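Close look at the chain arrangement
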Amino acid sequence: RPHSDLWGVAAMYVDPVLASLVALLGVLLFLFVYVAQRKKLFQWDLLTHHSTVKSHFVSQRVLAATRTVTFLYTLGVWIHSLSDGAHALEFYTIWNFTLLVFYFGCATTLSLVALFRPVQAAPGARVTPGALHYIAWIAFEVESCNVFLVDVVLWGVLYPQAKEPAHRDKLHTILNFDSYNVHGANVAFMLLDLALNRHVAPISHAVFPVMFAFVYGMFQWTGHAFGQHWAYPFLDTTTKVSPLWYLGMMAAHVLFFMFIMVLLRLRKYFENKYSVDRESDAVEYEGLIQGDVSMP
């Protein structure tokens, strides 16, 4: 039912239980971020100048080249995916692929700057990461988690539905070049960067993927109130099972974030065996353990 003014938001039916859960989630997210920042639960000091721009397994040149190629390719895919209009931005997949392109843009910039304009610091001097390092860190954490979520939802939930006779007309929206990139190659891009960078993922940062999903949910609600169709069937607020869907999706973000934490622990195991810069690694991790981000 299309709406032409702000009263449309109030006129849209939303299951009362779902509305209460969403309101409660919004309050809890705000309180968690406030308390976590005051109590230093986000552990921002775990980020070092090397986290984004150096690798345990390849040289800085290889890392920078890999990111540059990935950024240019994904940027081309992103532009092509929007060639039919900005309406593609209503999908969570495109939101996430946009964040993926943004992350590789930040990471590429940082890698190239570190490569051609390295920081000059005396041994043991503290090198403070810049704001872009922190932005790239959060973008990496959110996107590493979400590439798995969007791919599992598409191939595990939406694709089986699209194969049913009643929905065969939508099958072509899944089986095409853009979809293979944003629902398949996206995982490969993030896994490669996860293997090469030096980022860590504190459990407190699981709030960031949830916040990203929360903002998207509010975007969908507002759009639907003004006549936009639901991008995904499970977002429909008129169904009685919608509270379960919304809770399940939020929980899925946390679970996939924990999966990323497992992958990073696995990477740490290989770092101990195959790191190409053992001396630098030892100094870096010793500094992290002591709460010091001083770099060699």
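Residues numbered from 1 in each chain as written. Predicted model: local features only at pLDDT ≥ 70, side-chain atom pairs only at ≥ 80, totals over all residues. Heavy atoms only, no water.

Looking at the overall build of the protein
Looking only at helices and strands, the protein has ten helices and zero strands in total. Reading the protein from its N end, one meets helices and strands in the order α-α-α-α-α-α-α-α-α-α. The 296 residues of the protein split such that 46% are buried. The long-range fraction of contacts in the protein, counting pairs at least 24 apart against all pairs at least 6 apart in sequence, stands at 81%. With the model as given, the accessible surface of the protein reaches about 15,300 Å², and the carbon-plus-sulfur share is 70%. (Helix = DSSP H or I, 4+ residues; strand = E, 2+ residues; numbered from the N terminus. Buried < 20%, exposed > 50% of the residue type's maximum accessible area, 1.4 Å probe, protein only. Contact = heavy atoms within 4.5 Å. Areas by Shrake-Rupley, 256 points an atom, 1.4 Å probe, with all protein chains shown as cover.)

Concerning the pattern of salt bridges
According to the stated counting rule, one finds two salt bridges in the structure shown. A salt bridge links Glu271 to Arg267, with the shortest nitrogen-to-oxygen separation between them at 2.9 Å. Separated by four residues within a single helix, Glu271 and Arg267 lie in helix H9 (residues 242-274), roughly one turn from each other. Owing to a relative accessible area of 3%, Glu271 belongs among the buried residues under this scheme. The class for Arg267 is buried, based on a relative accessible area of 6%. (Salt bridge = Lys/Arg side-chain N within 4 Å of Asp/Glu carboxyl O.)

Overview of empty space enclosed by the protein
In total, this model carries three cavities of 30 Å³ or more according to the counting rule given. Here the largest cavity is characterised by a volume of approximately 280 Å³. Taken together, 23 residues line the largest cavity, and the ones lying closest to its centre are Tyr92, Tyr216, Phe234, Leu235 and Met249. Breaking the lining of the largest cavity down by element, the ones donating at least two residues are helix H2 (16-38), helix H5 (92-116), helix H6 (131-162), helix H8 (207-225) and H9. Across the lining of the largest cavity, the residue classes break down as 19 nonpolar, four polar and no charged. (1 Å grid on protein atoms, 1.4 Å probe; cavity = no way out; pocket = protein on both sides within 12 Å on 5 of 7 lines; lining within 4 Å. Points joined across faces, edges and corners; volume = space filled by probe spheres on them. Nonpolar A, V, L, I, M, F, W, Y, C, P; charged D, E, K, R; others polar.)

Some remarks on the nonpolar core
Among the nonpolar cores identified, the biggest contains 62 residues, and Tyr92, Tyr103, Leu149 and Tyr232 are the most heavily contacted of them. Sorting the residues of this core by element identifies H2, H5, H6, helix H7 (177-196), H8 and H9 as the ones contributing at least two each. With 13 residues, the top contributor of residues to this core is H6. What Tyr232 contacts, discounting residues up to four positions off in sequence, is Phe91, Tyr92, Thr93, Leu158 and Tyr216. (Core = buried A, V, L, I, M, F, W, Y, C linked by side-chain atoms within 4.5 Å.)

Examining the layout of surface pockets
Of the pockets and cavities examined, the largest pocket occupies roughly 940 Å³. In terms of lining residues, the largest pocket is bounded by 29 residues, among which Phe91, Lys170, Thr173, Ile174 and Ala231 are the most central. When residues of the lining of the largest pocket are traced back to their parent elements, those giving at least two are helix H4 (60-81), H5, H6 and H7. Per-class residue counts for the lining of the largest pocket are twelve nonpolar, 14 polar and three charged. Approximately 320 Å³ is the volume attributed to the second largest pocket. Lining the second largest pocket are twelve residues; nearest its centre among them are Val200, Ala201, Met261, Leu264 and Arg265. When its residues are assigned to classes, the lining of the second largest pocket shows seven nonpolar, one polar and four charged.

Notes on the confidence of the model for the protein
If pLDDT is low for a region, its predicted coordinates should not be looked at in detail. Averaged over every residue, the pLDDT of the protein is 86; residues scoring 70 or more account for 86%. At the low end of the mean pLDDT range in the protein sits helix H1 (residues 7-11), at 44; at the high end sits H4, at 97. Predicted confidence for residues 1-11 stays below pLDDT 50, and this span has 15 contacts to residues more than four positions away or in other chains. pLDDT under 50 marks residues 285-296. Its contacts with residues more than four places away, or in other chains, come to 28 contacts. (pLDDT = per-residue confidence, 0-100.)

A look at a nonpolar patch on the surface
A cluster of nonpolar side chains, contributed by Leu24, Val27, Leu28, Phe30, Leu31, Tyr34, Val35 and Leu41, occupies part of the molecular surface with about 760 Å² of accessible area. As for its position among the elements, Leu31 is in helix H2. (Patch = residues over 30% accessible without salt bridge, like charges linked within 9 Å, V, L, I, M, F, W, Y side chains within 5 Å.)

Here's the deal with the packing of H6 against H8
The interhelical angle for the contact between H6 and H8, taken along N-to-C directions, is 75 degrees, at an axis separation of 9 Å. It follows that H6 is roughly perpendicular to H8 by the angle criterion. Contacts between H6 and H8 involve Ile138, Glu141, Val142, Cys145 and Asn146 on the former and, on the latter, Phe208, Pro209 and Phe212. Per-class residue counts for the contact of H6 with H8 are six nonpolar, one polar and one charged. (Axes fitted to C-alpha atoms, helices over the stretch in contact; angles between N-to-C directions. Parallel < 35°, antiparallel > 145°, perpendicular 65-115°, else oblique.)

Topic: the side chain of Thr108
Along the chain, Thr108 turns up in helix H5. Residue class for Thr108 comes out buried when judged on its relative accessible area of 5%. Among all residues touching Thr108, those that are not within four sequence positions of it are Arg67, Thr68 and Phe71.

Side note on the side chain of Asn96
Mapped onto the elements of the fold, Asn96 is located in helix H5. Dropping the residues within four chain positions of it, Asn96 is found in contact with Glu143, Asn146, Val150 and Phe212.

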